[in-house]
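What follows is each chain in one-letter form.
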Amino acid sequence: MTDTTLIAELADKLWDADRSSVPIEPLTRSHPGLGVDDAYAIQTHNIDRRVAAGAHIRGRKVGLTSRTMQELLGVDEPDFGVLLDTMFVEDGDEIDLGQMVQPRVEAEMAFVMKHDLAGPGVTIAHALAAIDGVLPAIEIVDSRVTDWRITLADTISDNASSGKVVLGGRLTKVADLDLRVVGMALSRNGSVIETGAGAAVLGNPVRCVAWLADKLCEFGIGLRAGDLVLPGAVHRMVTVAPGDVFRAEFAHLGAVTARFSGSEVRA
């Protein structure tokens, strides 16, 4: 496609859906030829306008890191989105459901970069050496596409279905941890509903950091010291109801809590 006017038009549709909290039909329904490169162009268009309005890029998230989701969308690699400072919520603070569209909860590890990391040819060892530490995190993914009827191009265009991020307060060094076997239990309103471990994320969550650094190389950029990287969830995403309180407890890493308002989602 690579039509700059159409890229801007489709980006506007997602922009308006986000501002109104009213989802839209998948972009690929009206534009079945929408490709991955076009989708990243749409994503970049909306990120650039947020930055122009005063937002700051704080890192990246990696999506589609489970084999199940890749098979569902017919892809063989992850995708990525951009994390802005406006997306972050303090541990335990209330999240206004009225500002979201179709939120879902995912517990995951969050990496803080100590050094810059750029591809090509980044290995897990390179990534580990560049990571300062890991935090427990809850990502609230959200989709501006009706009923989450997304294809790969739809979710990339929609900034990899990004929403909010809640981080725990303790940074743990990774040198003495085997992140593949770090377990997690997610509770909703005091009852455990999901469990998982780091190996659910491409076999090792650090592998996602290496993949991301290589992928960003295609765009002429890389990860920077201080960036936060979300490598993907260790369990299936969970729906949210008004008043829900989620707590993710990670072995060795501590816990983090996401608390939602009692108001309904505006949709």
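Within an unreviewed UniProt entry, the label attached to the protein reads 2-oxopent-4-enoate hydratase, and the organism entered is Nocardia africana.

### Observations regarding the overall build of the protein
When its secondary structure is counted, the protein shows seven helices and 13 strands. Since a compact globule built from 267 residues should have a radius of gyration of about 18 Å, the 17 Å found for the protein is in line with a globular shape. Structurally, the protein occupies a C-alpha span of about 50 × 45 × 35 Å along its principal axes. With 267 residues in all, the protein has 52% of them scored as buried. Counting contacts in the protein only where the partners sit at least 6 residues apart, residues at least 24 apart contribute 76% of the total. Per element, the accessible surface of the protein, about 11,500 Å² overall, is 50% carbon and sulfur. Side-chain charges in the protein split into 25 positive and 37 negative, and the spacing between the mean points of these groups amounts to 2 Å.

### What to know about the packing of aromatic side chains
Applying the stated criterion to the full structure yields four aromatic pairs. With 5.6 Å between their ring centres and 85° between their planes, Phe80 and Phe219 make a pair best called edge-to-face. With Phe80 in strand β2 (residues 79-84) and Phe219 in the loop between α7 (205-217) and β10 (228-230), the pair connects residues that are 139 residues apart, well separated along the chain. Classification of Phe80 by relative accessible area gives buried; the value is 5%. Exposure remark for Phe219: the relative accessible area of 39% places this residue in the partly exposed category. Ring centres of Phe246 and Phe260 lie 6.0 Å apart, and the angle between their planes is 90°; this geometry places the pair in the edge-to-face category. Taken together, the residues span a long stretch of sequence, with Phe246 in strand β12 (residues 245-250) and Phe260 in strand β13 (residues 254-260) at a distance of 14 residues. With relative accessibility at 0%, the residue Phe246 sits in the buried group. One aromatic cluster is present, built from ring pairs that chain together Tyr40, Phe80 and Phe219. Directly above the aromatic system of Trp15 lies the positively charged group of Arg49, at a separation of 4.0 Å from the ring centroid.

### Considerations on the nonpolar core
Counting 63 residues, the largest nonpolar core has Phe111, Leu117, Val209, Leu223 and Phe260 as the members making the most contacts within it. If one sorts the elements of this core by residue count, α7 sits on top with eight residues. Listed in part, the 13 residues of the second largest apolar core include Leu84, Val112, Leu135 and Ala137.

Rules and cut-offs
Position numbers for residues count from 1 along each chain, tracking the sequence in the order it is written. Totals for whole chains, interfaces and linings use every residue, but because this is a predicted model, local features are given only for residues with pLDDT of at least 70 and side-chain atom pairs only at 80 or more, for both listing and counting. In computing side-chain values, all of the structure's heavy atoms are included and hydrogens and water are not. Secondary structure counts use DSSP, requiring at least four H or I residues in a row for a helix and at least two E residues in a row for a strand, with both numbered from the N terminus. For the radius of gyration, the atom set is restricted to C-alpha positions; the globular benchmark scales as 2.2 Å times the number of residues to the power 0.38. Only protein chains enter the accessibility calculation, which uses a 1.4 Å probe. A residue is then buried if its area is under 20% of the maximum for its type, exposed if over 50%, and partly exposed in between. We call two residues in contact when some of their heavy atoms are within 4.5 Å. Areas reported as accessible are Shrake-Rupley estimates using a 1.4 Å probe. Residue values count occlusion only from the protein chains shown. Only four residue types enter the tally: Lys and Arg on the positive side, Asp and Glu on the negative side; His and the chain ends are excluded. In plain terms, the charge of a residue is placed at NZ if it is Lys, CZ if Arg, CG if Asp and CD if Glu. Side-chain rings of Phe, Tyr and Trp (the six-membered ring for Trp) are treated as a pair once their centres are within 6.5 Å; stacked means planes under 30 degrees apart, edge-to-face means over 60, and tilted covers the remaining angles. In our convention, an over-ring charge means Lys NZ or Arg CZ found within 6 Å of a ring centre and within 35 degrees of that ring's normal. Residues belong to one nonpolar core when they are buried, are Ala, Val, Leu, Ile, Met, Phe, Trp, Tyr or Cys, and are joined through side-chain atoms within 4.5 Å.

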